[in-house]
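Summary of the model geometry
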Amino acid sequence: MEILKEGHGELVGWHDPDEHRQWVRENKSRELKDKRMTVSEAVEKFVHDGDFIACGGFGHVRIPMALIYEIVRQGKRNLTMAGKTAVHDIDILIGAGCVSRVEVAYSFGHELRGLSPAGRRAVETGKCKVVAEISNAGYQWRFLAAAMGLPFIPARILMGTDTFEKSSAKIVRDPWSGKPVCLLPAAYPDVAMFHVPRCDKYGNAQIDGILVEDFELSRAARRVIVTTEEIVDEEVIRRAPDRTVIPFYLVDAVCEVPWGAHPTQMPYLYYFDEEHIREWLTLSRTEEGTKAYFDRYVFGVRDFEEYLERVGGIRKLNYLKRVEQLRESMWVPEEGRNG
Amino acid sequence: MAEARYTPTELLACVAARLLEDGKSVFVGTGLPMIAAMLAQRTHAPNLLIIFEAGGIGPQVPVLPISVGDSRTFYRAVGASSMHDVMSALQSGYVDYGFLGAAAIDPYGNINTTVFGDWERPEVRLPGSGGANDIGSLCWRTIIVMRQDRRRFLKRLPFITTPGYLTGSRAREAAGLPEGTGPYRVITQLGVYGFDEATRRLMLISRHPGVTVEEIQANSEFEIIIPADVPESAPPTPEEQRILREIDPTGMVIGG
């Protein structure tokens, strides 16, 4: 195939497909075994300095925040993160100095809430390096290629732009149509983390609502940590197998963490904690404020349960539940309004 | 000129909504595009299919979603799917309209949402493509909604995040992007623009009430094609304004 153009971004997380098959053969157990452990054990065991990491969910939706805070607590360093629309998770991890390299589809912004002070400051001062650019479809198709065990997948995006120039993709001439087509290299994160509504102790995880790219990402990643609102009996999974998005053989650790996505949204269960997100966005405007946030919400608490107490406890959590169920209207911070 | 009885954002929402057709599909983000699509549904386009990039298909959105992945984006939807599914629909030609925002645009409708200054050591780092490159590459007609001034309407972009017509004429198709796609309209606080068929350069279609052609040109670094007779955009009707208040009761997007 004729190569027409090559992007100059760093090739993040690629493996030769045979090397990956061999790794799977040797490292991923097909045995139905109990994988329950604490969040602290899971991060200690499966997240290492220098790893390429990714989170399931989207932006502020279904983000495994208990794991994110634990990575901060354990002081992991030099992580490369998939900015696959990574927003609150990546902002916290950059602010805490854990993530120093990002491949960006969408990062450093909080959608309607504005841009992220911590992430932008880190990139603009050189503390965090953007190693490559891509788009949202591009990133999830990189995961799809990995999930399929392929070296790359073609797509009709990125062409003609600087996003392509700074990507790790290549443009070739399609041998059938004769038109230029973009090849996206597979991406295999070292570890991917997900928060789900229910999962059994073996790791059979179900998701309610949109999947975003969790189907592809969970199959692309080498190690998978699942936090779940509740650990359910295997029977619950077997009664509705069509709901299983991540089957057990992909999963390495299962941690039960009720409210584990706070302050992000858990579809059907609880809404975004806008007040808490606003507090982070306000404090993270300065280095001192960023430190104060982590002292208060990560280093100053024993565990995630104590964190939940500190963000407002059961009163706040019940409120977020009512908002999600459309029984109460949302709190909008004054400075979050336009006009 | 009589004092305007609507906010600039209300005008933008109405202008954008009127572009959408009944029985067609639109890919939307949060904020103004969402409001425009909801307004279109509640006025002339009840059968407008709304699709969100995170997987929500055809929702009956109860209140304004904050995020493109918010559970409101698949409330009473016909499908709660995945990004792979909806991006593939986009790539296969199922999506008629797509909305984009932009930090800067050039005469050919290429847009920047990535960086100002050097990419390696930026002066200003912005969020990047997100789904914008995908929408700008693949949907039939892209509608760009943005603020217009001389720092945003640039002769040359520091970084092309999302393709418009690239260097003009047939450059877009030659690069490998799907035939018959590209930027359709650009909506700013001053007017509405399209693109000249031959050169693919930005061309004024209507100016908002009270805005002069001189103002329009003064707020652009590059020369805008300005036809002889340019009509005024119709202001929001009381009915449109009432519906906008219903859609965004807290004024989060349209202003308080």
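The structure we're discussing is the one just above.
Residues numbered from 1 in each chain as written. Chains lettered and ligands numbered in written order. Predicted model: local features only at pLDDT ≥ 70, side-chain atom pairs only at ≥ 80, totals over all residues.

Comments concerning the overall build of chain A
Within chain A, the secondary structure is distributed over 13 helices and 13 strands. For 339 residues, the compact-globule formula gives about 20 Å, and the C-alpha radius of gyration of chain A, at 20 Å, lands near that figure. For chain A, the spread of C-alpha atoms along the principal axes amounts to about 60 × 50 × 35 Å. The 339 residues of chain A split such that 55% are buried. Long-range contacts, defined as pairs at least 24 residues apart, comprise 76% of the intrachain contacts of chain A with a sequence gap of at least 6. (Helix = DSSP H or I, 4+ residues; strand = E, 2+ residues; numbered from the N terminus. Rg over C-alpha atoms; globule rule 2.2 N^0.38 Å. Buried ≥ 20, exposed ≤ 12 C-beta atoms within 10 Å, placed from the backbone. Contact = placed C-beta atoms within 7 Å.)

Digging into unusual backbone geometry
All names here are of chain A. Across the junction of H262 and P263, the peptide omega takes the value 10°, indicating a cis bond. Mapped onto the fold, P263 is located in the loop between β13 (253-256) and α10 (274-283). Although it is not a glycine, R62 adopts a positive phi angle of roughly 55°. Structurally, R62 is set in the loop between β2 (52-55) and α3 (65-73). Note on R62: 30 C-beta atoms within 10 Å, which makes it buried. The phi angle at W259 is positive, at roughly 65°, despite the residue not being glycine. Mapped onto the secondary structure, W259 falls in the loop between β13 and α10. When the 24 C-beta atoms within 10 Å are taken as the criterion, W259 is described as buried.

Details of the interface of chain B and chain A
Contact with chain B, which involves 55 residues of that partner, is made by 55 residues of chain A. Residue assignment for the side of chain B that touches chain A shows that the elements contributing at least two residues are α3 (83-91), β9 (122-125) and α4 (132-138) of chain B. Each residue belonging to the side of chain B that touches chain A can be placed in one class, and the counts come to 22 nonpolar, 27 polar and six charged. (Nonpolar A, V, L, I, M, F, W, Y, C, P; charged D, E, K, R; others polar.)

Some thoughts on the packing of α3(A) against helix α4 (residues 88-95) of chain A
What describes two packed helices is the angle between their axes and the distance between those same axes. Residues and elements named next belong to chain A. Running from amino to carboxyl end, α3 crosses α4 at an angle of 10°, the nearest separation of the two axes being 10 Å. Compared by their axis directions, α3 and α4 come out roughly parallel. In this structure, α3 uses I68, I71 and V72 to contact α4, whose residues at the interface are D89, I92 and L93. (Axes fitted to C-alpha atoms, helices over the stretch in contact; angles between N-to-C directions. Parallel < 35°, antiparallel > 145°, perpendicular 65-115°, else oblique.)

Some words on the nonpolar core
By size, the foremost hydrophobic cluster in this structure holds 185 residues, and its most contacted members are L93(A), V226(A), A13(B), I35(B) and L39(B). If we skip the residues at most four places from it in the chain, L93(A) touches I68(A), I71(A), V72(A), L79(A), M81(A), C98(A) and V99(A). (Core = buried A, V, L, I, M, F, W, Y, C linked by C-beta atoms within 7 Å.)

Thoughts on the sheet that holds strand β8 (residues 180-185) of chain A
All names here are of chain A. Taken in spatial order, the four strands line up as β1-β7-β8-β6 in an open sheet, and their pairing is antiparallel. Of all the strands in the sheet, the pair left with one neighbour each is β1 (3-6) and β6 (152-155). Averaged over neighbouring strand pairs, the angle between their axes works out to 30° when direction is ignored. Pairing of β1 with strand β7 (residues 170-173) involves three bridges; the strand directions are antiparallel. (Pairing = 2+ DSSP bridges.)

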